[in-house]
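# Residue-level structure breakdown
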Amino acid sequence: MSQWKAFFSHGLGQLRWSNTVVQALALTVVTFCVVLPLCCHRLLYSYFFIRSMYLDSMSEQVLQDSYLRGQDALRFWQSLAPLGFRNVSRRPDLLVTVVTARRSDGRDFHYLLQVMRQLSAAAGSCGPRRCAEVLVCDVENGPLDNQDARLLEPHFRVVRRSQQEQRLNKERVNTFEKEKRDYVFCLRRAWALVKPRNMVVLEDDALPRPDFFLVVKHLLSRRFALQTLYIKLYHPERLQRYWNPEPYRLLEWLGLGVVGATALLLSFPYWNPCSFSFSLSACHLVFFTLYFMAAAELLGRHYLLEARRLSPQLYAVNPATECCTPAMLFPGNTSLRVAQYLDASFCVKGNAKDMVMYQMARALPGGRSHSVEPNLISHIGAYSSVRPNPARPKLL
Ligand SMILES: CC(=O)N[C@H]1[C@@H](OP(=O)(O)OP(=O)(O)OC[C@H]2O[C@@H](n3ccc(=O)[nH]c3=O)[C@H](O)[C@@H]2O)O[C@H](CO)[C@H](O)[C@@H]1O
């Protein structure tokens, strides 16, 4: 009798196992070969994005939109009566300095004018007082060199090198070293003029998002901001994947898988782990953890991050990433420390100012640096002013 019982329970166990395996296989095939490809084939940062079908047309569309926005911004600034941003008060809580250089490619896109239009609208969204003071730092030698900066002069305070500084800056250096020296000049000049309590430095193709100041103010109210050299407000979308050399993301990825799997197993009575043997429920947990992890990565972490925009409290603060400096927040007077360090370094291709800043945060005692996700700006500069450009740049 007991032999029969053993035989039956063994058979039942086998049946359950094979049923479970078939179900798991079916779910995997349906999810990853049908549902996700159907839903995500047009999502630029998803693994399912069909490059050959959509990349060219999407890139053209984005260029066209940016061109129209640029022309619109040009008309806007040409027709506008002077704004009140020219009078910059001293010791403000926040100063935004926009670093701008002449662009030989993509001039008609008027990136700077687009950015300043959006920035002035966002800065006026904090009630009766402006969210921040704003400075434009034009690194060209004269107002005639950078027409967009010149157009902004009735509206904003525009700073440039004095003639003496220009003479001192005549030395011929590579583009990346020049870009770094220009940045250092802007950090120091802005600080000397305004002495802000905190400073944001934007590159001239960094379009602030509508909640920009809300999130920046929230970041500054948090304790970690007192102990950081800088907070990066942008990281390229294409580098936001889990499968990237950023160790903290692996933890986030695993956490997402475990939480998703646990929630699913607890909410589905059929898969209730209590009703199965321990090994079966452990298998379920492992399977669904991997399932959610794979789904999240293939869908694109970038899109999951967007959910954090619901509230400034939900934005994630992580250790700083290497690449890019289009939008940087320098709490307190850290902009001066960063300027000093940059000044002592020499930049070349492959070791531009973003890399130097990343290394600096590791080398300086107590030099911690952070980055916030999702991005607080959109990078609209399809045409670079420091690198060679193709005739029609692509999104990827
Ligand atoms: C989105 C992105 O990945 N941007 C990064 C990329 O810039 P990009 O290759 O996108 O170059 P870009 O045209 O955005 O220029 C970066 C900044 O440098 C300024 N500029 C340019 C030329 C010059 O002689 N002097 C000067 O100050 C320019 O006004 C802008 O504010 O690489 C740079 C390092 O090289 C920075 O890490 C940028 O954050």
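Only a predicted model underlies this, so the values are computations on that prediction, with no experimental measurement involved. (Residues numbered from 1 in each chain as written. Predicted model: local features only at pLDDT ≥ 70, side-chain atom pairs only at ≥ 80, totals over all residues. Heavy atoms only, no water.)

## Re the overall build of the chain
Operational definition: Secondary structure elements follow DSSP: runs of H or I no shorter than four residues count as helices, runs of E no shorter than two count as strands, and numbering proceeds from the N terminus. Exposure is judged per residue with a 1.4 Å probe applied to protein chains only, and the accessible area is read against the type maximum: over 50% gives exposed, under 20% gives buried, and values in between give partly exposed. Any two residues having at least one pair of non-hydrogen atoms within 4.5 Å are treated as being in contact. Shrake-Rupley sampling with a 1.4 Å probe provides the accessible areas, and residues are treated as covered by the protein chains on show and by no other component. Two residue types count as positive, namely Lys and Arg, and two as negative, namely Asp and Glu; His and chain ends fall outside the count. Lys charges are placed at NZ, Arg charges at CZ, Asp charges at CG and Glu charges at CD.
Within the chain, the regular secondary structure consists of twelve helices and ten strands. Summarising its shape, the C-alpha atoms of the chain cover approximately 105 × 45 × 45 Å along the three principal directions. When each of the 396 residues of the chain is scored for burial, the buried share is 46%. Partitioning the intrachain contacts of the chain with sequence separation of at least 6 by distance along the chain shows that 79% fall at a separation of at least 24. Of the roughly 20600 Å² that the chain leaves accessible, carbon and sulfur atoms contribute 60%. Separation of charge centres in the chain, based on 48 positive and 31 negative side chains, amounts to 5 Å.

## Describing the pattern of salt bridges
Pairing between side chains of opposite charge can happen when their charged atoms approach one another. The condition that has to hold: What counts as a salt bridge is simple: a side-chain nitrogen of Lys or Arg found within 4 Å of a carboxyl oxygen of Asp or Glu.
If you walk through the whole model with that rule in mind, you get 24 salt bridges. The residue Lys353 makes a salt bridge to Glu179 at a minimum N-O spacing of 2.6 Å. Remark: Glu179 occurs in helix H6 (residues 175-194) and Lys353 occurs in helix H12 (residues 353-363); sequence separation between them is 174 residues. A residue is classified by how much of its surface remains accessible, and Lys353, at 3% relative accessible area, is buried.

## Quick look at the packing of helix H2 (residues 51-79) against helix H3 (residues 111-123)
We count it as follows: Angles shown run from 0 to 180 degrees and are taken between the N-to-C directions of axes, each axis being a line fitted to C-alpha atoms and, for helices, limited to the stretch in contact. With respect to orientation, any angle under 35 degrees is reported as roughly parallel, any angle over 145 as roughly antiparallel, any angle of 65 to 115 as roughly perpendicular, and every other angle as oblique. Crossing handedness follows the turn of the near helix against the far one: under a right angle anticlockwise gives a left-handed crossing, and clockwise gives a right-handed one. Under the scheme applied, nonpolar residues are Ala, Val, Leu, Ile, Met, Phe, Trp, Tyr, Cys and Pro; charged residues are Asp, Glu, Lys and Arg; polar residues are all the others, including Gly.
The interhelical angle for the contact between H2 and H3, taken along N-to-C directions, is 70 degrees, at an axis separation of 8 Å. Taken as axis vectors, H2 and H3 run roughly perpendicular relative to one another. When the axes of H2 and H3 are compared, the crossing they make is left-handed. Residues Ser66, Arg69, Gly70, Asp72, Ala73, Leu74, Phe76 and Trp77 of H2 form the contact with H3, whose participating residues are Tyr111, Leu113, Gln114, Met116, Arg117 and Ser120. The residue makeup of the contact of H2 with H3, split by class, is seven nonpolar, four polar and three charged.

## Some points on the site of the ligand
Just so we agree on the cut-off: The criterion for a residue being near a molecule or strand is simple. One of its heavy atoms has to lie within 4 Å of it. A 3.5 Å cut-off defines polar contacts: any pair of N or O atoms within that distance qualifies, except that in protein one atom must be a possible hydrogen donor and the other a possible acceptor, and neighbouring residues in sequence count only when both atoms are side-chain atoms.
If you check the shell around the ligand, you find 23 residues, and the closest are Asp182, Thr325, Ser384, Ser385 and Arg387. Asp182 places a polar side-chain atom, nitrogen or oxygen, 2.7 Å from a nitrogen atom of the ligand. A total of 760 Å² of accessible area belongs to the ligand in isolation, and the protein chains cover 92% of it. Contributing elements (two or more residues each) for the shell around the ligand: strand S1 (95-100), H6 and H12. Its residues placed into classes, the shell around the ligand shows eight nonpolar, five polar and ten charged.

## Things to note about unusual backbone geometry
Here the amide bond leading from Glu373 into Pro374 is cis, since omega sits at 0 degrees, within 30 degrees of zero. You can see Pro374 is positioned in the loop between strand S9 (368-373) and strand S10 (377-379). The residue His110 is not glycine, and still its phi comes out positive at about 45 degrees. Mapped onto the fold, His110 is located in the loop between S1 and H3. When its relative accessible area of 11% is taken as the criterion, His110 is described as buried.

## Remarks on the state of the cysteines
Keep this limit in mind: Any cysteine sulfur atom paired with another within 2.5 Å is treated as part of a disulfide.
Tallied over the entire structure, the rule returns three disulfides. What pairs with Cys126 in a disulfide is Cys131, and their sulfur atoms sit 1.8 Å apart. Taking the sign of the S-S torsion, 105 degrees for the link of Cys126 and Cys131, the bridge is right-handed. Residue classification places Cys126 among the partly exposed positions, given a relative accessible area of 38%. Along the chain, the cysteines engaged in disulfide bonds are linked according to the scheme 1-2, 3-4, 5-6 when indexed in sequence order. The closest cysteine sulfur to the non-disulfide-bonded Cys347 is located on Cys324, 14 Å from its own sulfur.

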